[in-house]
Amino acid sequence: MVAYTLSILAAVGAVALTALVFRRVKRAGEDRDPNGPSAAHAGAMLSAMFLLVFAIAIIVPWTTADAARLNTHAESQSAVDAYWAASDLPGSAPEEVRRSLRDYVTFVVRDEWPLMAEGKMHPLGAERMDDLRGRVNELQTRDGDEEDAKETVLEHISAISTARAQRTADAAATPPEGLLLLTILTGVLVIVFPFLAGARPRGLAMLPLVATAALLGFGIYLTWDISHAFAGPLAVGSEAFQGALDEFARIAGGL
């Protein structure tokens, strides 16, 4: 934050120094016209800055939500693959592993998803995965087929844990620090700049400014509303895990 402040002060200082130098040049004239080159240049730069910051504030959450959505499908598919592979485990392990997978996915949908909208994860989720991994790892196999099944299930559980770790990061992800504040600041400057430049619109001339302010206000609110991957209009839903539960039911009914 200190570096950002210093860069702003340096830029302001450069403008002040330039203005002082050119003021001493007799050929330099004053520019007080709202339509003059100074106001036109500053207005264009402010608009460009706002569009740049606004685009970043939209694109970053959008791409985060898109990646988070794909990751939920990867996690749920790994759970389905583990559910299939468990059928060749020894003894009563298939039923136990499948029950644990159903409980985990149900837990994610019912208990964990509401917390993710707040950027949090339920601590029991990781414990459930660790417990399942440990129980599968301790299974005693009798032949090569059972050993292969055990290794396959462990691979899928590892994939679930990896995807879960990424989901944890996605739930806590937010746009870069200060980006929303900068969006608000540049948006406000774009709105008030005509007045700062000396323009005094009245009557119907105010309508474009009012419309611009309304649209900028909506856009700035949108950047705040979509800042979390699991909340707001871009919120990633639990459809992938609901589909995994349906797939569990289909597999259990068909085997």
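For the structure, check the block above.
A brief report on the enclosed structure follows. (Residues numbered from 1 in each chain as written. Predicted model: local features only at pLDDT ≥ 70, side-chain atom pairs only at ≥ 80, totals over all residues. Heavy atoms only, no water.)

A word on the side chain of Thr223. If you trace the backbone, Thr223 turns up in helix H7 (residues 206–225). With a relative accessible area of 3%, Thr223 lands in the buried category. Within the structure, Thr223 has its side chain in polar contact with the backbone oxygen of Ile220 (distance 2.5 Å). (Helix = DSSP H or I, 4+ residues; strand = E, 2+ residues; numbered from the N terminus. Buried < 20%, exposed > 50% of the residue type's maximum accessible area, 1.4 Å probe, protein only. Polar contact = N/O pair within 3.5 Å; in protein donor to acceptor, adjacent residues only side chain to side chain.)

Bringing a nonpolar patch on the surface into the picture now. A surface patch of nonpolar side chains, about 960 Å² in accessible area, is lined by Leu180, Leu182, Ile184, Leu185, Val188, Leu189, Val192, Phe195, Leu196, Tyr221 and Trp224. The leading source of residues in the nonpolar patch is helix H6 (residues 179–196), at nine residues. Turning to its location among the elements, Leu189 is positioned in helix H6. Overall, the relative accessible area of 30% leaves Leu189 in the partly exposed class. (Patch = residues over 30% accessible without salt bridge, like charges linked within 9 Å, V, L, I, M, F, W, Y side chains within 5 Å. Areas by Shrake-Rupley, 256 points an atom, 1.4 Å probe, with all protein chains shown as cover. Salt bridge = Lys/Arg side-chain N within 4 Å of Asp/Glu carboxyl O.)

Moving on to helix H5 (residues 144–172). Each turn of an α-helix holds 3.6 residues, which means side chains three or four residues apart point in the same direction. Compared with the 42 Å implied by 1.5 Å per residue over 29 residues, the 42 Å span of H5 between its first and last C-alpha is a close match. Capping the start of H5 is the job of one residue whose side-chain oxygen sits 3.2 Å from the backbone nitrogen of Asp145: Asp143. (Expected span 1.5 Å × (residues − 1).)

Under the defined criterion, the tally for this structure stands at eight salt bridges. Among the charged side chains, a network of salt bridges with common partners joins Glu75, Glu112, Arg164 and Arg167.

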